[in-house]
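Summary of the model geometry
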Amino acid sequence: MYSEWAEDEIHIDRLEVFAHHGVYPEETRNGQIFYVNAVLYTDMDRACISDELEDTVDYGGVCHFITGWMQDNTCKLLEAAAGRLSEALLLKYGMLSAVRLEIVKPFAPVRLPFEEISVRVYRSRHKAYIAIGSNMGDREGYLAGAVEAMKAHPLMELKKVSRWILTEPYGGVEQDDFLNGAAEIETLMSPRQLLEALHEMENAAGRERNVRWGPRTLDLDILFYDKVLLESEKLVIPHPDLENRRFVLEPMAEIAPAFRHPVTGKSMAALLRELEASE
């Protein structure tokens, strides 16, 4: 959850649902009782002032939605049911910033004494900034296709897109100039899931990874993901060395001039000014 403010909570406890989830055939065939506990994170300021239902999340409607989803879908694993239901709630109710969900299975076929078994998940909306680039073929067409792919993705909402700028290639490989830009998105995906989704978009555009920093039909990079600091073999966030890359800073300063780098604390506008001064 990328909000800097503590948010209010609506609690739904022990909502009883008869549904057909489970690994064994008799579970999906005969069904069983489940209990759902949910914490809904939202901003209640407007509702506290107006005292109107339309200014908050209707918890009665949420209960019916949870019941309907549990009964209309079948999952083998509680993990899958909890994760997918959480995403469905966030997609259905735009006023929710996050959901903490627990699905309890009191009659799980364990054949040992226990009270109940449950799975808990937490899902929230995240703000991410994506660098977009192309230097092969119909560059503008590839960039426009990436924008449309982001708009169409069920777990991604496109918020802003910069104008396209023409820049010289970075990294020392001789090649054509790039057309670059940046986009702000809201997503329910984790950084790893988002990276995979962006790679799928690149592959659909015919992207080949033969030469590092070489020419490509479409290049999509995660610049920032909330204020997350992440370093793994496949993904580094924030994107490394972006403070020295005009083709990143100029679009970022256009769509998010006040956004601050989580390590340096400097805004995108300030980083661009520093780069221009050094040049």
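The shown structure was predicted, so the numbers you read here are calculated from the model rather than taken from an experiment. (Residues numbered from 1 in each chain as written. Predicted model: local features only at pLDDT ≥ 70, side-chain atom pairs only at ≥ 80, totals over all residues. Heavy atoms only, no water.)

The buried count for strand β8 (residues 178–187) comes to ten of ten residues, which makes it a mostly enclosed element. Residues F178, N180, A182, E184 and E186 line one face of β8 and the alternating positions L179, G181, A183, I185 and T187 line the opposite face, and both faces are buried. With five bridges joining them, strand β6 (residues 156–161) and β8 adopt antiparallel strand pairing. When the sheet's bridge partners are listed, L158 is paired in β8 with I185. For strand β7 (residues 165–167) and β8, the ladder comprises three bridges, and the chain directions are antiparallel. Residue pairing for β8: L166 is matched across the bridge by L179. (Buried < 20%, exposed > 50% of the residue type's maximum accessible area, 1.4 Å probe, protein only. Helix = DSSP H or I, 4+ residues; strand = E, 2+ residues; numbered from the N terminus. Pairing = 2+ DSSP bridges.)

For the rest of this paragraph, the subject is the pattern of salt bridges. Applying the stated criterion across every chain yields a total of twelve salt bridges. Among the salt bridges present, the one from E102 reaches R120, with a minimum N-O distance of 3.1 Å. One end of the pair, E102, is in strand β3 (residues 98–105); the other, R120, is in strand β4 (residues 117–124), with 18 residues separating them in the sequence. The partner of R192 in a salt bridge is E196, and the shortest N-O contact between them spans 3.2 Å. Of this pair, R192 and E196 both sit in helix α6 (residues 191–204), four residues apart, roughly one helical turn. With relative accessibility at 41%, the residue E196 sits in the partly exposed group. Here the residues in one salt-bridge network are R163, R246, E250, E254 and E276, joined through shared partners. (Salt bridge = Lys/Arg side-chain N within 4 Å of Asp/Glu carboxyl O.)

Next up on the list: the sheet that holds strand β1 (residues 8–19). Strand order in this open sheet of four strands is β1-β2-β3-β4, and the pairing throughout is antiparallel. In the strand order of this sheet, the two ends are held by β1 and β4, each with one partner. The average undirected angle you get between the axes of adjacent strands in this sheet is 15°. Bridge count for β1 against strand β2 (residues 32–42) is ten bridges, and the pairing is antiparallel. Note that in β2 the partner of I10 across the bridge is L40. Contacts from helix α3 (residues 59–72) reach β1, β2 and β3, with the element oriented near 35° to β1. (Axes fitted to C-alpha atoms, helices over the stretch in contact; angles between N-to-C directions. Contact = heavy atoms within 4.5 Å.)

Moving on to the side chain of H126. Of note, H126 is situated in strand β5 (residues 126–134). Side-chain polar atoms of H126 contact the side chain of S124, separated by 3.2 Å. Only 2.7 Å separates the side chain of H126 from the side chain of D226, close enough to count as a polar contact. (Polar contact = N/O pair within 3.5 Å; in protein donor to acceptor, adjacent residues only side chain to side chain.)

Right, let's talk about the side chain of D219 for a bit. Mapped onto the elements, D219 comes out in strand β9 (residues 219–225). Here D219 is in contact with A131, I132, G133, E202 and R207, once residues within four sequence places are set aside.

A word on a nonpolar patch on the surface. On the surface, a cluster of nonpolar side chains totalling about 320 Å² of accessible area is made up of V110, L112, F114 and I117. When you line up the elements, V110 lands in the loop between β3 and β4. Among the residues examined, V110 registers a relative accessible area of 34% and is labelled partly exposed. (Patch = residues over 30% accessible without salt bridge, like charges linked within 9 Å, V, L, I, M, F, W, Y side chains within 5 Å. Areas by Shrake-Rupley, 256 points an atom, 1.4 Å probe, with all protein chains shown as cover.)

Glancing now at the nonpolar core. Residues M70, M150 and L194 are the most contacted members of the largest nonpolar core, which totals 58 residues. Of all the elements, helix α4 (residues 78–92) adds the most residues to this core, at seven residues. Once residues within four sequence positions are removed from consideration, M70 is found in contact with V17, A19, H21, F34, V36, L85 and I103. The next biggest cluster of nonpolar side chains, apart from the first, holds 18 residues, and it includes L223, M252, F259 and L275. (Core = buried A, V, L, I, M, F, W, Y, C linked by side-chain atoms within 4.5 Å.)

What follows is about the pairing of β5. Burial within β5 is extensive, with eight of its nine residues counted as buried. With nine bridges joining them, β5 and β8 adopt antiparallel strand pairing. Its bridge partner lying in β8, I132 is registered against G181. Examined bridge by bridge, β5 and β9 share six bridges and lie antiparallel to one another. Bridge assignment links I132 to a residue of β9, and that residue is L220.

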